[in-house]
Amino acid sequence: DESYTIDVPVSGKATLKAKTPYGAIRGLETFSQLVSANGYAKVITNTPIQIKDAPVYPHRGLVIDTARNFLSVKTIYRILDSMSYNKLNVFHWHVIDSQSWPIESKTFPDLHLKGAYSKEQTYLYDDVKNVIAYAKDRGIRVIPEIDVPGHTYIVSLAKPEIMSCVNKQPNWDRYAAEPPSGQLNIAKPESIDFTNKLIDEYTKLFPDQVFHLGGDEVNRNCWNEDPDVKAYLAAHPGEDVESLLANYYTKVHDHLETTGKDGFSWEETLVHSKYVPKNNTIIQVWIDQAAVKTAVEKGYRVVSSHHDYLYLDCGHGAWLPNNDGNSWCDPFKTWMHVYNYDPAANITNPAQRKLILGTEAAIWAEQTDETVIDIRLWPRAAAVAETTWSGKTDSTGHVRKTEEVASRLHEQRFRMVGRGISAEPMQPLWCARNPGSCNL
Amino acid sequence: DESYTLDVPIDGKAVISAKTPFGAVRGLETFSQLITSSSGRKVIKNAPVKITDAPKFSHRGLLLDTSRNFYHLDSILRTLDAMAYNKLNVLHWHVIDAFSWPIESKVHPELTEKGAYSTDMRYSYEDVKKIINYAKNRAIRVMPEFNIPGHAFVIGEAHPEIACCMNKQPAWDKYAAEPPSGQLNIADPRAVTFAFDILTEYSRLFVDLGFHLGGSSLNTECWKEDPTIELYIRDHPGESVDSLVVGWHSQMFDKLNELGKIPYSWEDTVLHYNFTARNTTVVQAWIGDDSLSKVTEKGYRAIASPWNMYYLDCGQGSWLSNFEGSSWCDPYKTWQQIYNYNPLANITDPEKQRLVLGGEVALWSAMSDETTVDRYLWPRAAAFAEIMWSGNNDPHTNSTRDLRKVAPRLIEHRFRMVARGIMAHPVQPLWCVRNPDSC
């Protein structure tokens with residue numbers, strides 16, 4: 001419960017009331033935004049003010065990728081600060097991927113000893129605990145993602161024996177969505193055992209009720225052409241790669257269940273595999289808005305990260321050197337486009353709408369690191385934050401138009417710059433000062 | 001002359017020889033890049049090294065717009081440093097535009113009073129001299145641009161008597177390429193006097209031989225609908241808005257020549273109007289694939305800055321608040337596109353090719369300021385810089401260099417710039433950097 005009320009009388013003390021500390025944190029952020037400068041004094045204008053506030057969606061997050069390129073703990077702290085300025089409350093930590101394994105593993109130390117970019121570019125247990133504590137102080141949950149069984153080339157540096165299609169060159173694109181290729185060998189029980197041990201380890205390290213097991217972009221060629229998989233299937237007629245994959249998901253999600261956590265996985269586990277996710281698994285949609293409808297119709301809770309609105313890294317062209325074209329998800333998503341997104345579009349049944357927990361804007365790090373993370377996230381993530389905290393509809397039923405929102409977003413952008421976040425500018429300063437003069 | 005030779009023997013002293021101090025500055029930059037670290041020590045590998053180097057183009061520039069959004073002195077100086085790391089040698093300072101007038105004027109102080117975004121967001125004479133000097137020490141020219149008679153809203157705020165179609169709303173797009181609309185009244189002799197004041201004042205402050213007069217995106221409707229211009233045209237049969245524009249340009253270019261400067265202007269002045277400038281004029285081509293060849297056909301020296309390759313601000317979508325679509329110049333220009341582009345591609349005549357002095361990448365600042373400047377410029381402008389200095393032709397294969405071989409060098413340079421305090425954006429996952437040929 002993040003609701004709160006604020007009472008600012010004309011003079012005297014302001015009062016903040018909330019049912020939980022999280023509500024109080026949200027209220028404090030609002031209060032800080034009421035304060036403006038007047039000459040050299042700080043004032044709150046337009047008193048008395050009474051605010052009664054609560055979020056429309058309970059899950060308002062960011063997916064932060066620290067595997068393609070590393071982000072220091074200091075940078076993560078700054079991201080968490082900037083999230084709190086916008087009342088975002090979920091830090092979905094996409095901590096490992098094919099390119100690196102920066103997080104310490106006490107079960108399989110070779111993963112980070114061989115898989116991190118360097119000793120300095122590692123998150124030790126203490127670092128992780130510090131991040132979780134820093135987030136908690138800001139009312140932000142940390143949901144870890146161990147993305148399996150695809151996106152796991154990096155595991156081959158520690159345990160090559162449980163891998164398939166490791167770093168196929170030059171035609172990696174036959175075996176993976178991006179280089180280097182490599183997936184867990186789902187014909188080997190050792191892969192399941194490996195995954196389960198990681199689940200054991202990281203469900204203890206991360207206290208959140210939800211644990212993300214990935215499941216996106218698994219490549220069938222990778223397994224169809226793997227000799228072990230072929231041998232297994234030859235010896236087990238009636239099974240195929242799909243049944244092996246479904247079996248893998250079943251085993252690891254069953255194991256996750258024994259830890260008492262809820263699963264969280266990408267839409268492919270629901271719509272692109274034979275596996276049927278457990279009822280309490282949260283489905284994260286990124287490809288197709290229709291998957292939101294499919295998921296809620298089947299009774300699943302959903303978080304949307306629709307790539308066409310919420311993938312904030314897009315718009316910088318392809319990152320493969322010999323490709324001078326666009327990236328798959330170009331163009332750049334402007335703040336107006338982001339603001340106009342409605343995760344519950346076309347879903348009218350109220351019970352189903354309630355299953356939509358919220359959204360997560362994502363910043364995939366193929367072309368992002370500490371030098372650019374602030375400008376890529378902000379102020380566009382603030383646009384998502386408003387639509388998920390306040391929705392897009394006023395109390396009068398009017399759906400906000402972006403030209404009505406611009407002034408406030410400008411103000412928030414300058415506020416964030418003032419607080420040390422390099423949010424990028426939306427318009428020439430003249431336009432910020434002359435609202436309504438820079439519309440089409 | 002920026003040529004130099006660099007001789008690094010196996011041990012002893014390295015030697016840089018150059019005909020001018022500018023060549024020496026370039027040589028020093030190369031020398032700094034030969035140094036790598038090896039177990040904590042600094043070494044130069046593969047000695048002996050002998051380099052003989054000279055640039056392909058003499059004008060290798062970067063346009064910075066400080067009017068749409070302001071850049072404090074430190075970010076401009078840092079940009080000059082970054083340019084030096086890439087042997088770029090012209091800062092084309094697009095100092096004023098419709099949105100703000102940040103530069104001090106001693107002749108018309110009201111321009112800065114009314115036109116600067118704030119007292120803190122100004123360039124004093126001292127600031128300008130600092131910038132010019134800092135640039136000079138890095139062998140970089142600072143060429144100012146005062147883009148008149150279009151883009152003049154902010155001038156109209158101080159001098160409404162010489163401005164037309166000021167801030168027409170909501171239909172600004174009938175009168176201008178961007179809001180707010182406003183152009184100088186080219187039929188009013190007071191506008192000419194005012195413009196002469198500006199050219200004179202800033203020709204003195206900026207020591208460079210080149211002075212850019214702008215002249216882009218002039219809107220005919222703006223003048224057609226102005227009552228004083230309607231009157232003028234009625235009283236002067238045979239004249240039109242176009243002839244007024246030609247008349248304006250004649251006066252401005254003559255004035256600049258009188259002031260001892262070489263006029264630079266956008267292609268619009270000579271390609272969209274029946275205006276002929278002296279052949280010492282340098283024309284900046286920005287619009288079409290054929291613009292550069294059209295400019296050189298007319299015998300002018302030219303600079304290539306085609307928007308579809310070199311406008312580094314593009315790709316962020318439109319900045320108009322009620323429009324969620326693309327900007328006119330989207331998409332984002334990738335380093336790969338910039339590297340593969342040969343500005344001379346459409347010019348076959350070697351005489352005409354010789355007229356192309358070089359090129360410029362541009363950072364228009366509608367959606368850029370100090371928070372973003374490093375990231376939007378670098379390392380893409382480094383890819384451009386290599387094309388301008390070395391070209392993209394591999395002499396061994398006589399074809400364009402393979403981008404897969406260029407990438408590691410660009411990435412190395414990106415990390416070099418980051419280490420030197422420039423927030424150049426990352427090009428790829430670090431894994432790909434360490435495993436070249438695998439991505």
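If you're wondering where the values come from, they're calculated on a predicted model, not measured in any experiment.

Novice: What am I meant to see in the sheet that holds strand S1 (residues 4-8) of chain A here?
Specialist: Sheet strands associate in pairs through backbone hydrogen bonding, adopting either a parallel or an antiparallel arrangement. Residues and elements named next belong to chain A. Within the open sheet, the 3 strands sit side by side as S2-S1-S5. Their pairing is antiparallel. Single-partner strands in this sheet number two, and they are strand S2 (15-18) and strand S5 (49-53). The average undirected angle you get between the axes of adjacent strands in this sheet is 5°. Relative to S2, S1 is paired through 4 bridges, and the arrangement is antiparallel.

Novice: Would you take a moment to explain the nonpolar core for this structure?
Specialist: Nonpolar side chains tend toward joint burial in soluble globular proteins. Counting residues in each nonpolar core, the largest one holds 121 residues, and the members touching the most others are B:Trp101, B:Ile103, B:Phe146, B:Phe206 and B:Trp378. Among all residues touching B:Phe206, those that are not within four sequence positions of it are B:Trp93, B:Ile103, B:Val128, B:Ile132, B:Val142, B:Pro144, B:Phe146 and B:Lys261. Counting residues in hydrophobic clusters, the runner-up holds 92 residues, among them A:Ile192, A:Leu245, A:Val405 and A:Ala423.

Novice: I would appreciate a short explanation of the confidence of the model for chain B in the present structure.
Specialist: The predicted coordinates should not be examined in detail at positions where pLDDT is low. Scored by pLDDT, chain B comes out at a mean of 95, with 100% of its residues at no less than 70. Both scores are given for the predicted complex: the pTM is 0.93, the ipTM 0.90.

Novice: How should helix H6 (residues 189-205) of chain B be read in this particular structure?
Specialist: The α-helix winds at 3.6 residues per turn, so residues separated by three or four positions along the chain end up facing the same way. Residues and elements named next belong to chain B. Its 17 residues place the ends of H6 25 Å apart at the C-alpha level, agreeing with the 24 Å of an ideal helix rising 1.5 Å per residue. Taken together, the buried positions of H6 are Ala191, Val192, Phe194, Ala195, Ile198, Leu199, Thr200, Glu201, Tyr202, Ser203 and Leu205. Of the surrounding secondary structure, the elements contacted by the buried residues of H6 are helix H3 (109-115), helix H4 (125-136), helix H5 (153-158), strand S10 (183-184), strand S11 (210-212) and helix H9 (241-258). Of the residues flanking the start of H6, the one acting as N-cap is Asp188, its side-chain oxygen 2.8 Å from the backbone nitrogen of Arg190.

Novice: Would you mind going over the sheet that holds strand S6 (residues 59-65) of chain A with me for this structure?
Specialist: Residues and elements named next belong to chain A. If you walk around this closed barrel you meet the 8 strands as S6-S7-S8-S11-S12-S13-S14-S15, and the pairing is parallel. Strand after strand, the sheet turns through a mean of 25° between neighbouring axes, direction not considered. Relative to strand S14 (residues 301-304), strand S13 (residues 282-285) is paired through 4 bridges, and the arrangement is parallel. When the bridges of S14 are listed, Ile282 appears paired with Arg301. Together, S6 and strand S7 (90-94) form the strand contacts of helix H2 (residues 73-84), whose direction differs from that of S7 by roughly 150°.

Novice: I would appreciate a short explanation of unusual backbone geometry in the present structure.
Specialist: Residues other than glycine predominantly adopt negative phi, and peptide bonds predominantly adopt the trans conformation. The linkage connecting A:Val148 with the following residue, A:Pro149, adopts the cis geometry, with an omega of -5°. The topology assignment puts A:Pro149 in the loop between strand S8 (141-148) and strand S9 (163-164). Looking along the chain, the bond that leaves A:Pro179 and enters A:Pro180 is cis, with omega of -5°. With respect to the helices and strands, the residue A:Pro180 is situated in the loop between S9 and strand S10 (183-184). With a phi angle near 60°, A:Lys87 is a residue other than glycine that sits in the positive phi range. Of note in the backbone geometry, B:Lys87 takes a positive phi value of approximately 60° without being a glycine. Residue position: B:Lys87 is located in the loop between helix H2 (73-85) and strand S7 (90-94). Judged by relative accessible area, B:Lys87 falls into the buried class, the value being 10%.

Novice: I would appreciate a short explanation of the interface of chain B and chain A in the present structure.
Specialist: Many descriptions give the size of an interface as the accessible area lost when the pieces come together. The partner chain A presents 58 residues to the 57 residues of chain B that form the contact. The contact between chain B and chain A buries some 4800 Å² in all, and 55% of this surface belongs to carbon and sulfur atoms. Three residues, B:Ser321, B:Glu324 and B:Trp431, lead the burial of chain B against chain A; their summed loss comes to 15% of the area buried on that side. Counting every contact that joins chain B to chain A gives 2 salt bridges. When the shortest N-O distance is used, the salt bridge between A:Arg413 and B:Asp369 registers 3.0 Å. Summed over the shared surface of chain B and chain A, the number is 37 residue pairs in polar contact (both at pLDDT 80 or more). Ranked by the residues each element gives to the side of chain B that touches chain A, the list is headed by helix H17 (residues 403-419) of chain B, at 5 residues.

Novice: How should I be thinking about the environment of B:Tyr134 in this particular structure?
Specialist: Residues and elements named next belong to chain B. Within the secondary structure, Tyr134 is located in helix H4. Measuring from C-alpha to C-alpha, the distance between Tyr134 and Leu77 comes to 7.1 Å, with 57 residues separating the pair along the chain. The contacts of Tyr134, once residues within four sequence positions are left out, are Leu77, Leu80 and Asp81.

Novice: Would you explain the pairing of strand S1 (residues 4-8) of chain B in this entry?
Specialist: Side chains on a regular strand alternate between the two faces of the sheet. Where burial is concerned, the two faces of S1(B) differ: the one with B:Tyr4, B:Leu6 and B:Val8 is buried and the one with B:Thr5 and B:Asp7 is not. In sequence, S1(B) turns back onto strand S2 (residues 15-18) of chain B through a hairpin of 6 residues, with B:Gly12 there showing a positive phi of about 105°.

Novice: Just to check I follow, could you spell out the state of the cysteines for this structure?
Specialist: In a disulfide, the sulfur atoms of two cysteines are covalently bonded to one another. Scanning the entire structure with this criterion turns up 6 disulfides over all chains. Taken N- to C-terminal, the disulfide-bonded cysteines of chain A are connected 1-2, 3-4, 5-6.

The rules behind these values
- Residues numbered from 1 in each chain as written.
- Chains lettered and ligands numbered in written order.
- Predicted model: local features only at pLDDT ≥ 70, side-chain atom pairs only at ≥ 80, totals over all residues.
- Heavy atoms only, no water.
- Pairing = 2+ DSSP bridges.
- Helix = DSSP H or I, 4+ residues; strand = E, 2+ residues; numbered from the N terminus.
- Axes fitted to C-alpha atoms, helices over the stretch in contact; angles between N-to-C directions.
- Core = buried A, V, L, I, M, F, W, Y, C linked by side-chain atoms within 4.5 Å.
- Buried < 20%, exposed > 50% of the residue type's maximum accessible area, 1.4 Å probe, protein only.
- Contact = heavy atoms within 4.5 Å.
- pLDDT = per-residue confidence, 0-100.
- Expected span 1.5 Å × (residues − 1).
- Polar contact = N/O pair within 3.5 Å; in protein donor to acceptor, adjacent residues only side chain to side chain.
- Buried area = accessible area lost by both parts, 1.4 Å probe.
- Salt bridge = Lys/Arg side-chain N within 4 Å of Asp/Glu carboxyl O.
- Disulfide = S-S within 2.5 Å.

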